[in-house]
Amino acid sequence: MVDHDSLGPAPEPVATLGEVLLALGGRLTRLQTEILAGLGQPLTIRQYRILSRVDAGNTSLTSLSKLARRNLSTMSQSVDKLVQQGLLTRKTSESSRRTMQLALTAEGAAALDAGNRALAKFTSELTTRMPQELQDQILPALQQLFTDVQGDLDDR
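Rules used throughout
- Residues numbered from 1 in each chain as written.
- Predicted model: local features only at pLDDT ≥ 70, side-chain atom pairs only at ≥ 80, totals over all residues.
- Heavy atoms only, no water.
- Helix = DSSP H or I, 4+ residues; strand = E, 2+ residues; numbered from the N terminus.
- Buried < 20%, exposed > 50% of the residue type's maximum accessible area, 1.4 Å probe, protein only.
- Areas by Shrake-Rupley, 256 points an atom, 1.4 Å probe, with all protein chains shown as cover.
- Expected span 1.5 Å × (residues − 1).
- Arc of directions from axis to C-beta.
- Contact = heavy atoms within 4.5 Å.
- Patch = residues over 30% accessible without salt bridge, like charges linked within 9 Å, V, L, I, M, F, W, Y side chains within 5 Å.
- Salt bridge = Lys/Arg side-chain N within 4 Å of Asp/Glu carboxyl O.

Peer 1: Can you help me understand the overall build of the protein in this one?
Peer 2: When helices and strands are counted, the protein shows 6 helices and 2 strands. From first element to last, N terminus to C terminus, the protein shows the α and β order α-α-α-α-β-β-α-α. The buried share of the protein, reckoned over its 156 residues, is 21%. As displayed, the protein has an accessible area near 10800 Å², and 54% of this comes from carbon and sulfur atoms.

Structural data, given as structure tokens:
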């Protein structure tokens with residue numbers, strides 16, 4: 001369960017939706033960062049996302065770079081670290097010798113599973129006092145905001 005007292009002093013009341021979204025985004029990122037760092041195999045949020053995306057079938061450096069909106073060299077450095085940690089493998093693609101294909105190792109799959117379980121527990125604890133009816137009302141609005149933000153990023 002989330003210990004709200006350990007999160008520091010109560011935040012100042014915020015007046016606008018924008019301020020709430022900014023404060024919430026920052027707080028959630030901080031808490032997720034701490035959760036992932038505390039795993040048996042510590043992960044950063046970027047590492048967790050890479051493992052998740054590879055597990056979902058995005059096995060090329062190019063596709064990972066596009067999804068993360070990062071340049072190839074930045075993504076390559078992150079992937080290299082995961083390979084060195086034994087969480088990913090990198091091999092030449094069977095369809096194109098110029099393409100490297102990424103895959104989770106058993107350790108990478110275990111780290112991803114641990115991250116998924118820890119973040120699911122966090123989400124459950126975070127929403128436990130929120131009635132299901134309210135969750136059902138908020139979810140479509142948050143999904144729309146996310147889609148709009150993604151569209152803004154695509155336009156840049």
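Back to the write-up after that little detour.
Peer 1: When you look at helix H5 (residues 106-127) in this model, what are you seeing that I'm missing?
Peer 2: Each full turn of the α-helix corresponds to 3.6 residues, which orients residues three or four apart in the same direction. Look at H5: 32 Å from first C-alpha to last across 22 residues, which is about the 32 Å you get at 1.5 Å a residue. Those residues of H5 not exposed but buried are Gly108, Ala111, Leu112, Gly115, Leu119, Phe122 and Glu125. Burial along H5 is one-sided: seen end-on, the buried residues are contained in an arc of 160°. Facing away from the buried side of H5 by over 90 degrees, the exposed positions are Ala106, Arg117 and Lys121. Along its buried surface, H5 packs onto helix H1 (17-37), helix H2 (45-55) and strand S2 (100-104).

Peer 1: Mind showing me how you'd approach a nonpolar patch on the surface here?
Peer 2: There is a patch of nonpolar side chains on the surface, built from Leu17, Val20, Leu21, Leu24, Leu142 and Leu145 and spanning about 480 Å² of accessible area. Broken down by secondary-structure element, the contributors of at least two residues to the nonpolar patch are H1 and helix H6 (132-154). For the nonpolar patch, the leading source of residues is H1, giving 4 residues. Given the relative accessible area of 59%, Leu17 is considered exposed.

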